[in-house]
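Listed below, chain by chain, are the residues.
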Amino acid sequence: MASPPVPSGHTVVIVGGGLAGLAAAATLVKAGFSSVKVLEAMDRPGGRIHTTKPFGPDIIELGANWIHGQQGNPIYHLAKEHGLLTEGTETVMCLPGFVTPRDYFFHEHGRQLPVELVEEVCSFFSKLTDKAFEHALDEKYTHKSLGDYLDEEFKDSLWANSKDSKRVFEWCKRSECTDEASSSLYELSASELGLYTALDGGFFNSLGPGGYQHILDVFLKSLAADVLVCSKPVKCIQWGLDKKEQASEVAHPVKVICEDGQELHADHVIVTASLGVLQEKAPAMFEPSLPEVKMTAIKKLGFGIVDKIYLKFNERFWPEDCAGIQLVWEEGFEDKEVLTSLDEESWKKAWYKKICGFDIVARHPTVLCGWITGREAKHMETLEEEVIGEVCIRWVWLLIMSNILILFLINKINIYSTV
């Protein structure tokens, strides 16, 4: 069957120059649309894809890091088609289902936990979450949180009476918070976890030395230089305009008004802005307002906060076989008793206890990357980078080489954190 003809002379404006916006523009241009414009509010394209080089010639990903899944994943197939993938997996984020003997688990008092215990508890945790993803939970958990389900199953397990096992299990829950971008597993539905569709083909598919920027470049190279306009925030989108009432010779049903006063007329507008932007600006952005069902969806949908923390050292001081330093707290924040006992001042003071650990970074032998999520991540974003760095360095250093003075290390390193 022949493809329908492209509407001659139709103008399309795309709001948002992230991956979705650039892919939409490239698809339209390939289909024959000759008048396409992408408006990006920031001074760079990519959205949450942000490939940088703060430590020299090799990349650091401040945003998206891996390609999750292969089968049915257009990003994976695009990367494979253009030779952007690296062989094997370069580095991974330490998660319960991916723990190896190279992951060093430390109790906050400096004691390294036995590999066998860590692997057994993490394996047990992974089996429990697998059941939730597969909709195989007992009916009694239908209306319970993921955290409560996990706690009840752990209570009846072989490890319930072991303090170290309980602490590792708390680490597993804290790690799952990062994977789910949730503030706490006690806010997450156990029975609804399976609504997420995980694509087959590996969770940590790695891009080569160009990182995610080379994915963006595939789309950018297919667009003329004047298609993408950065630093161009949109103020208002007037849609459903009556062509008869427009004075211009070429009437269009949509008008896009930018913050700087520029007006663009279009036959179609594609809005690819993030949910956060829509929640903040949608009520005033659209004239007339979007249908109630869409506005309600924008208002009620939620999203989580996940931040990275990069620490760069002058020299590597952790063992060569160490893939990461995982933090096991005496009273971790995903222990329900601890969680429910904390007031705002307490959890803000100990925000770092939401960090799971620090993993090695591909092509950077002296850099570690930590992850933090939820309210603690949001609070961390209000702190000075020096404060964040000193807190993180202190714990990493104490757990690996606690006999060396902390101030000596702080004077010897450069700190770089991202939020």
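For the structure itself, consult the block above.
Caption draft 1: Layout of the pairing of strand β9 (residues 263–266). Taking every second residue as pointing to the same face, the buried face of β9 carries Leu 264 and Ala 266, while none of Glu 263 and His 265 on the other face is buried. Bridge count for strand β8 (residues 254–258) against β9 is four bridges, and the pairing is antiparallel. Within β9, the residue paired with Val 254 across the bridge is Ala 266.

Caption draft 2: A look at the environment of Pro 96. Within the secondary structure, Pro 96 sits in the loop between α2 (74–81) and β5 (103–107). Taking the C-alpha atoms as reference points, Pro 96 and Phe 124, separated by 28 residues in sequence, lie 9.0 Å from one another. With residues up to four places along the chain from it excluded, the contact list for Pro 96 reads Cys 122, Phe 125, Ser 126, Trp 171, Cys 172 and Ser 175.

Caption draft 3: Representation of α2. Ile 75, Tyr 76, Leu 78 and Ala 79 are the residues of α2 that are buried. Viewed along the axis of α2, the buried residues span an arc of 165°, placing them on a single side of the element. Along α2, the residues that are exposed and aim more than 90 degrees away from the buried face are Pro 74, Lys 80 and Glu 81. Summarising the contacts, the buried residues of α2 are in contact with α1 (19–31) and α6 (213–220). The opening residue of α2 is Asn 73, an N-cap whose side-chain oxygen sits 3.0 Å from the backbone nitrogen of Ile 75.

Caption draft 4: Summary view of the sheet that holds strand β7 (residues 234–238). Taking strand neighbours across the sheet as the criterion, the four strands line up as β9-β8-β7-β11 in an open arrangement whose pairing is mixed. Of all the strands in the sheet, the pair left with one neighbour each is β9 and β11 (286–287).

Caption draft 5: Highlighting α1. The end-to-end C-alpha separation of α1 is 18 Å, in line with the 18 Å expected for 13 residues at 1.5 Å each. The inward-facing, buried residues of α1 abut β1 (11–15), β2 (35–39), α6, β6 (228–229) and β10 (268–271).

Caption draft 6: Geometry of the side chain of Lys 232. Mapped onto the fold, Lys 232 is located in the loop between β6 and β7. A distance of 2.5 Å separates polar atoms of two side chains, one belonging to Lys 232 and the other to Asp 260. In contact with Lys 232, not counting residues within four places along its chain, are Leu 39, Glu 40, Ala 41, Cys 258, Asp 260 and Gln 262.

Rules and cut-offs
- Residues numbered from 1 in each chain as written.
- Predicted model: local features only at pLDDT ≥ 70, side-chain atom pairs only at ≥ 80, totals over all residues.
- Heavy atoms only, no water.
- Buried < 20%, exposed > 50% of the residue type's maximum accessible area, 1.4 Å probe, protein only.
- Helix = DSSP H or I, 4+ residues; strand = E, 2+ residues; numbered from the N terminus.
- Pairing = 2+ DSSP bridges.
- Contact = heavy atoms within 4.5 Å.
- Arc of directions from axis to C-beta.
- Polar contact = N/O pair within 3.5 Å; in protein donor to acceptor, adjacent residues only side chain to side chain.
- Expected span 1.5 Å × (residues − 1).

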